[in-house]
Amino acid sequence: MHNIRFVASQSVSIPVPIQPVPIQHYLRQPQRLIRALVDPTRTEQLGKERFRLKMRPLEFMMLRIQPTVDLRVWAKPDGTVHLVSVGSEIRGIEYIDRRFCLDLVGKLSPVEERGVTYLKGKADLVVEVDLPPPLWMAPKSLLETTGNGLLKSVLLTIKQRLMHQLLLDYRHWASDATSSELAVGSQVLSPNTPPA
């Protein structure tokens with residue numbers, strides 16, 4: 001058998017700057033979260049909680065592959081976000097596509113500690129693949145080191161976007177939500193003026 005398994009995990013704990021609207025409200029919008037974590041040009045919304053993500057091309061040994069992953073993303077009332085892959089595909093290389101399986105499981109929760117809210121999470125990524133014949137002679141340890149490193153870099157990229165892009169988007173969203181609430185409030189307070 002020429003089946004090989006690659007594994008990577010990534011944990012995160014990020015302090016959340018205080019905003020007028022708690023981050024739990026922001027986290028309950030999966031589509032916003034996906035747009036912050038992944039380049040919007042590479043995502044497609046398939047349904048209320050389902051998204052298709054076209055990953056960046058990955059260079060593995062002599063192969064160049066571009067996985068497409070379908071994700072289910074949903075949030076609990078407390079703001080905890082769950083993310084699970086529900087399908088994957090390698091376009092363009094049929095041999096690998098038929099023998100490729102990707103599993104991604106992630107969780108992100110707002111946790112309060114001593115008056116500070118943190119985003120704490122963990123993602124586990126597993127890829128199983130039957131190698132094409134040109135790689136059968138390569139040492140398994142080399143393949144595993146290369147593959148595990150590749151998966152780790154994918155998770156690290158997501159973590160970096162989480163730390164920067166997501167918090168930036170949350171800040172914009174919170175200020176927009178606050179200003180629109182203020183606008184609604186001022187409309188309620190102002191007397192109705194007849195249209196000109």
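Here the structure is a predicted model, which is why all the values come from computation and not from measurement.

As for the side chain of glutamine 10
(1) Moving on: Of note, glutamine 10 is situated in strand S1 (residues 3-15).
(2) Moving on: If near-sequence neighbours (up to four positions away) are discounted, glutamine 10 is found in contact with Gly121, Lys122, Ala123, Lys152, Leu155, Leu156 and Lys159.

Section: the sheet that holds strand S8 (residues 100-113)
The strands that make up a sheet pair up through hydrogen bonds in the backbone, lying either parallel or antiparallel.
(1) Moving on: The sheet built from seven strands is open, its strands ordered S1-S9-S8-S7-S6-S3-S2 with antiparallel pairing. Strands with a single pairing partner mark the edges of an open sheet, and in this sheet they are S1 and strand S2 (43-45). Strand-to-strand twist in this sheet, taken as the mean axis angle between neighbours without regard to direction, amounts to 15°.
(2) Moving on: Summarising the sheet, strand S6 (residues 67-75) and strand S7 (residues 81-90) pair through nine bridges and their orientation is antiparallel. Residue pairing across strands places arginine 72 opposite valine 84, the latter belonging to S7.
(3) Moving on: On the sheet, helix H2 (residues 30-37) packs against S2, strand S3 (50-54), S6 and S7 and is oriented at approximately 140° with respect to S6.

A few points about the confidence of the model for the protein
(1) Moving on: With 89% of its residues at a pLDDT of 70 or more, the protein has an overall mean of 84.
(2) Moving on: Confidence over residues 183-196 falls short of pLDDT 50; this stretch has zero contacts with residues more than four positions distant or in other chains.

Considerations on the nonpolar core
(1) Moving on: Tyr26, Leu27, Phe60, Leu71, Leu102, Leu119 and Leu166 are the most contacted members of the largest nonpolar core, which has 52 residues in total.
(2) Moving on: In terms of residue count, helix H4 (residues 140-189) provides more of this core than any other element does, twelve residues in total.
(3) Moving on: For leucine 27, the contacting residues outside a window of four places in its chain are Leu33, Ala75, Gly79, Val81, Leu108, Pro110 and Leu119.

Comments concerning the pairing of S6
(1) Moving on: The buried fraction of S6 amounts to seven of the nine residues, a majority that puts the element mostly inside the structure.
(2) Moving on: Bridging between S3 and S6 involves five bridges; their strand directions are antiparallel. Residue arginine 52 lies in a different strand from S6, and its bridge partner there is aspartate 70.
(3) Moving on: Hairpin geometry of S6 and S7 is characterised by an intervening segment of five residues between the two adjacent antiparallel strands and by a positive phi of about 95° at glycine 79.

Thoughts on H2
(1) Moving on: The element H2 is largely enclosed, with a buried count of six among its eight residues.
(2) Moving on: When we look at burial in H2, the residues that qualify are Pro30, Arg32, Leu33, Ile34, Ala36 and Leu37.

A word on the environment of lysine 152
(1) Moving on: By secondary structure assignment, the location of lysine 152 is in helix H4.
(2) Moving on: The spatial distance from the C-alpha of lysine 152 to the C-alpha of phenylalanine 6 is 9.8 Å, given a sequence separation of 146 residues.
(3) Moving on: Not counting residues within four places of it along the chain, the set of residues in contact with lysine 152 comprises Ala8 and Gln10.

Some thoughts on the environment of tryptophan 173
(1) Moving on: Here tryptophan 173 shows up in helix H4.
(2) Moving on: Note: C-alpha distance between tryptophan 173 and glutamine 19 (154 residues apart in sequence) is 9.7 Å.
(3) Moving on: Here tryptophan 173 is in contact with Val21, Pro22, His25, Tyr26, Gln29 and Arg32, once residues within four sequence places are set aside.

As for the pattern of salt bridges
(1) Moving on: This model, assessed by the stated rule, comprises seven salt bridges.
(2) Moving on: The partner of lysine 140 in a salt bridge is glutamate 144, and the shortest N-O contact between them spans 3.9 Å. Separated by four residues within a single helix, lysine 140 and glutamate 144 lie in helix H4, roughly one turn from each other.

Overview of the pairing of strand S9 (residues 116-130)
(1) Moving on: Relative to S9, S1 runs antiparallel, the two being bridged by 13 bridges. Opposite isoleucine 4, over in S9, you have valine 129 as the bridge partner.
(2) Moving on: Once S8 ends, the chain turns through two residues before running back antiparallel as S9, passing arginine 114 with a positive phi of about 50°.

A word on unusual backbone geometry
(1) Moving on: Unusually for a residue other than glycine, arginine 114 sits at a positive phi of about 50°.
(2) Moving on: Given a relative accessible area of 84%, arginine 114 falls into the exposed group.

Rules behind the numbers
Residues numbered from 1 in each chain as written. Predicted model: local features only at pLDDT ≥ 70, side-chain atom pairs only at ≥ 80, totals over all residues. Heavy atoms only, no water. Helix = DSSP H or I, 4+ residues; strand = E, 2+ residues; numbered from the N terminus. Contact = heavy atoms within 4.5 Å. Pairing = 2+ DSSP bridges. Axes fitted to C-alpha atoms, helices over the stretch in contact; angles between N-to-C directions. pLDDT = per-residue confidence, 0-100. Core = buried A, V, L, I, M, F, W, Y, C linked by side-chain atoms within 4.5 Å. Buried < 20%, exposed > 50% of the residue type's maximum accessible area, 1.4 Å probe, protein only. Salt bridge = Lys/Arg side-chain N within 4 Å of Asp/Glu carboxyl O.

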